[in-house]
Amino acid sequence: MFIRTHALLADRVLLPRWQRWSTYSTFALLVCTGVFWWTLDIDRGENPASAAQVWLLRLHGLGAMLVLICFGALLPAHVRIAWALHRNRVLGATLVAVILLLALTGYGLYYSVGDTMRSLSSWIHFCAGMATPVLLTLHIYRGRAARRSRATQPQHVTLDSQQPLLNAELKHDYR
Ligand code: HEM
Ligand code: HEM
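The structure contained in this document is the topic of the report that follows. Note that this is a predicted model, so its numbers are computed, not measured. (Residues numbered from 1 in each chain as written. Chains lettered and ligands numbered in written order. Predicted model: local features only at pLDDT ≥ 70, side-chain atom pairs only at ≥ 80, totals over all residues.)

## Here we look at the site of ligand 2
Here's step 1: Around ligand 2, 24 residues are found, and the nearest of them are G34, A64, G106, S122 and G129.
Here's step 2: Mapped by element, the contributors of at least two residues to the shell around ligand 2 are α2 (17-42), α3 (51-84), α4 (89-111) and α5 (115-151).
Here's step 3: When grouped by side-chain class, the residues that make up the shell around ligand 2 number 16 nonpolar, 8 polar and no charged. (Near = placed C-beta within 6 Å. Helix = DSSP H or I, 4+ residues; strand = E, 2+ residues; numbered from the N terminus. Nonpolar A, V, L, I, M, F, W, Y, C, P; charged D, E, K, R; others polar.)

Take a look at the structure:
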């Protein structure tokens, strides 16, 4: 029964199609609007922001709110169960840290007082933003590759006193 329950738990790490695509599309919206805004900003000099830049930031702000909803929706099942199963932890935790950094520096862009803090927030935010698609792609690729290789190996599952959350999940019958 434990092996069957373990397999059911591993299935809950997979995202339903709507959730996978809403995560991909909100990240894509953020990256496209962020990069496009930045390329327009290079030639701006001392001129005020163009109408295109203003609209790009409006869209970016919308994407930021949506992405945080998607991120929150991943925490109770995807992140919690994958973490308990010790799957894809390094890239997953890095992704969580980078998203938190983006949220923090995004807040800094709105509310920082002084030019130094603002331009520091801006640079950290842009660099973390550029790293996100690379990290997400690696995370998904590594996670799926590991699942494919596990599918060809026999699974041995035992209760482990170091994993209270996994034990609690394993003891629960999902029928
Ligand atoms: C500590 C945090 C995390 C852990 C331990 C983790 C673990 C995993 C694992 C094990 C997989 C492979 C699933 C499989 O194919 O069997 C995976 C896939 C995936 N992860 Fe994560 N993850 C974490 C955080 C995140 C975050 C923050 C995001 C996005 C914001 C994310 C998005 C995805 C997506 C889109 C997939 C592909 C899922 C699918 O094909 O259904 N993960 N993750
Ligand atoms: C969790 C994800 C993200 C959140 C919460 C977020 C949030 C924000 C916020 C609140 C702003 C300020 C908007 C304004 O001033 O009206 C901003 C600006 C910006 N974001 Fe993001 N963002 C995220 C991801 C990204 C990504 C993936 C990129 C990709 C490059 C990016 C690039 C930018 C750029 C270039 C700016 C303008 C910087 C400036 O005004 O100096 N962001 N973001």
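## Some points on the site of ligand 1
Here's step 1: If you check the shell around ligand 1, you find 24 residues, and the closest are A82, R87, G92, G143 and R147.
Here's step 2: For the shell around ligand 1, the secondary-structure elements that each account for two or more residues are α2, α3, α4 and α5.
Here's step 3: Its residues assigned to classes, the shell around ligand 1 comprises 13 nonpolar, 6 polar and 5 charged.

## What about α3?
Here's step 1: If you check α3, its first and last C-alpha atoms are 47 Å apart, about what 34 residues at 1.5 Å a residue would give, namely 50 Å.
Here's step 2: Of all bends in α3, the biggest is about 60°, found at L75, and the proline P76 comes one to four residues later.
Here's step 3: Taken together, the buried positions of α3 are L56, G63, V67 and A82.
Here's step 4: The positive-phi residue at the C-terminal boundary of α3 is H86, with phi of around 60°. (Expected span 1.5 Å × (residues − 1). Bend = angle between axes of the 7 residues up to and from the residue. Buried ≥ 20, exposed ≤ 12 C-beta atoms within 10 Å, placed from the backbone.)

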